[in-house]
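A look at the structure
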Amino acid sequence: MSDTTSTNRPRTTEVDLPVPATPPARTQGPVTRTDFVRYQGASGDMNPIHHDEVFARAAGFPSPFSVGMWQASLLGTFATDWLGGPNVRDFRIRFLAQVWPGDSLTLEGVPRRTYVLEGEDGREGRVDVELTCRRQTGDTAVTVWATFVLPDADLAAALAGAAPETGERPGTTEEQG
């Protein structure tokens, strides 16, 4: 039996890297059915549950509600305004609560992890961020986990003293923790 495990998988090294300043929370709303319909037209998703009162009530809802991807797109815009559209490497979405006409939304993001990815194409600094879209009730409507590439200039300076083989941060030893 031969070993088919790839040995060329990218390695990651946890390193403190500079991340552009986290922008202040962004608000959207109160949102309207017109917002929902505009997104539906742009996306091609014309499910009547998102714009037709009679259809939504017949399905057991008090009114039409937003397409969840609209909130995800708001978070995508928030994140790309912050870290740059060409730098997106991963974008995962979890839908948690419906958004209704009249809701006011708050969009926020925080960096969760910075690291260096080393692969066949060289190395690049990355940041994983968590983005949230909350309703005025405090309910989280959508959570996004995204990965972005960080600027190369910042990477070289940050790695000057890093120990990539061990993943240690510069200036720490086992005794220091």
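Going by the structure above, here's the rest.
Everything in this summary refers to the structure shown in the same document. Here the residue numbers are simple positions, counted from 1 along each chain's written sequence. The predicted nature of this model means local features are confined to residues of pLDDT at least 70 and side-chain atom pairs, given and counted, to a pLDDT of 80 or more, with totals for whole chains, interfaces and linings taken over all residues. Hydrogens are left out, water is left out, and the side-chain values use all remaining heavy atoms of the structure.

Remarks on the packing of helix H1 (residues 33-43) against helix H3 (residues 68-83)
Close contact between H1 and H3 brings their axes to 10 Å; oriented N to C, the two are set at 85°. In terms of axis orientation, H1 runs roughly perpendicular to H3. Touching Asp-35, Phe-36 and Tyr-39 of H1 are Met-69, Trp-70 and Ser-73, all from H3. Its residues assigned to classes, the contact of H1 with H3 comprises four nonpolar, one polar and one charged. With axes taken as lines fitted to C-alpha atoms, and helix axes fitted only over the stretch in contact, angles between N-to-C directions fall between 0 and 180 degrees. Secondary structure elements follow DSSP: runs of H or I no shorter than four residues count as helices, runs of E no shorter than two count as strands, and numbering proceeds from the N terminus. Small angles under 35 degrees read as roughly parallel and large ones over 145 as roughly antiparallel, with 65 to 115 read as roughly perpendicular and the rest as oblique. Throughout, a residue-residue contact means that at least one pair of heavy atoms, one from each residue, lies within 4.5 Å. Classification convention: Asp, Glu, Lys, Arg as charged; Ala, Val, Leu, Ile, Met, Phe, Trp, Tyr, Cys, Pro as nonpolar; all other residues, Gly among them, as polar.

So, the side chain of Asp-103
As for its position among the elements, Asp-103 is in the loop between strand E3 (88-95) and strand E4 (105-119). Within 3.5 Å is the distance limit for a polar contact, defined as a pair of N or O atoms, with the added protein rule that one can donate a hydrogen and the other accept it, and that residues adjacent in sequence qualify only through two side-chain atoms. In this structure the side chain of Asp-103 is engaged in a polar contact, spanning 2.6 Å, whose partner is the side chain of Arg-135. Leaving out residues up to four positions away in the same chain, Asp-103 has contacts with Gln-28, Gly-29, Pro-30, Val-31, Gln-98, Arg-135 and Gln-136.

A closer look at the pattern of salt bridges
A side-chain nitrogen of Lys or Arg and a carboxyl oxygen of Asp or Glu constitute a salt bridge if their distance falls within 4 Å. Counted according to the given criterion, the structure contains 12 salt bridges. Here Glu-118 and Arg-11 are joined by a salt bridge, their closest N and O atoms 3.4 Å apart. Linking Glu-118 in strand E4 with Arg-11 in strand E1 (residues 11-14), this pair joins segments that are 107 residues apart in sequence. One salt bridge in this structure joins Arg-135 and Asp-103, with 2.6 Å as the shortest N-O distance. Here the residue Arg-135 occupies a position in strand E5 (residues 122-135), and Asp-103 occupies one in the loop between E3 and E4, the gap between them amounting to 32 residues. Neither residue differs from the other here; Arg-135 and Asp-103 are each classed as buried. Linked through salt bridges whose partners overlap, the residues forming this network are Glu-14, Arg-113 and Asp-128. Under the scheme applied here, a residue whose accessible area is under 20% of the maximum for its type counts as buried, over 50% as exposed, and between as partly exposed, the area being computed with a 1.4 Å probe on protein chains only.

A closer look at the nonpolar core
What makes a nonpolar core is a set of buried Ala, Val, Leu, Ile, Met, Phe, Trp, Tyr and Cys residues whose side-chain atoms join them at distances within 4.5 Å. The biggest cluster of nonpolar side chains holds 28 residues, and the ones touching the most others in it are Val-129 and Leu-131. At eight residues, H3 tops the list of elements feeding residues into this core. Setting aside chain neighbours within four positions, we find Leu-131 in contact with Leu-75, Phe-78, Ala-79, Trp-82, Phe-91, Glu-108, Gly-109, Val-142, Thr-143, Val-144 and Ala-146.

A few points about H1
Considered for burial, the residues of H1 that qualify are Asp-35, Phe-36, Tyr-39 and Gln-40. Around the axis of H1, the buried residues are gathered within 135° of arc, so they sit on the same side. Opposite the buried face of H1, by more than 90 degrees, sit the exposed residues Arg-38, Gly-41 and Ala-42. Packed against the buried residues of H1 are H3. Phi for Gly-44, located one or two positions after H1, is positive at around 85°. The arc in question is the one spanned by the directions pointing from the helix axis to the C-beta atoms.

Thoughts on the environment of Ala-146
Within the element layout of this structure, Ala-146 appears in strand E6 (residues 140-149). Residue Ala-146 is classed as buried on the basis of its relative accessible area of 1%. In contact with Ala-146, other than residues within four places in its own chain, are Asp-90, Phe-91, Val-127, Asp-128, Val-129 and Leu-131.

Some details on H3
For H3, built from 16 residues, the straight-helix expectation of 22 Å at 1.5 Å per residue is met to within 8% by its first-to-last C-alpha distance of 23 Å. Of the positions making up H3, those classed as buried are Trp-70, Gln-71, Ala-72, Leu-74, Leu-75, Gly-76, Phe-78, Ala-79, Trp-82 and Leu-83. Against strand E2 (26-28), H1, E3, E4, E5 and E6 lie the buried residues of H3. Residue Gly-84 follows H3 closely and has a positive phi angle near 95°. Take the residue count of a helix, subtract one, and multiply by 1.5 Å to get its expected span.

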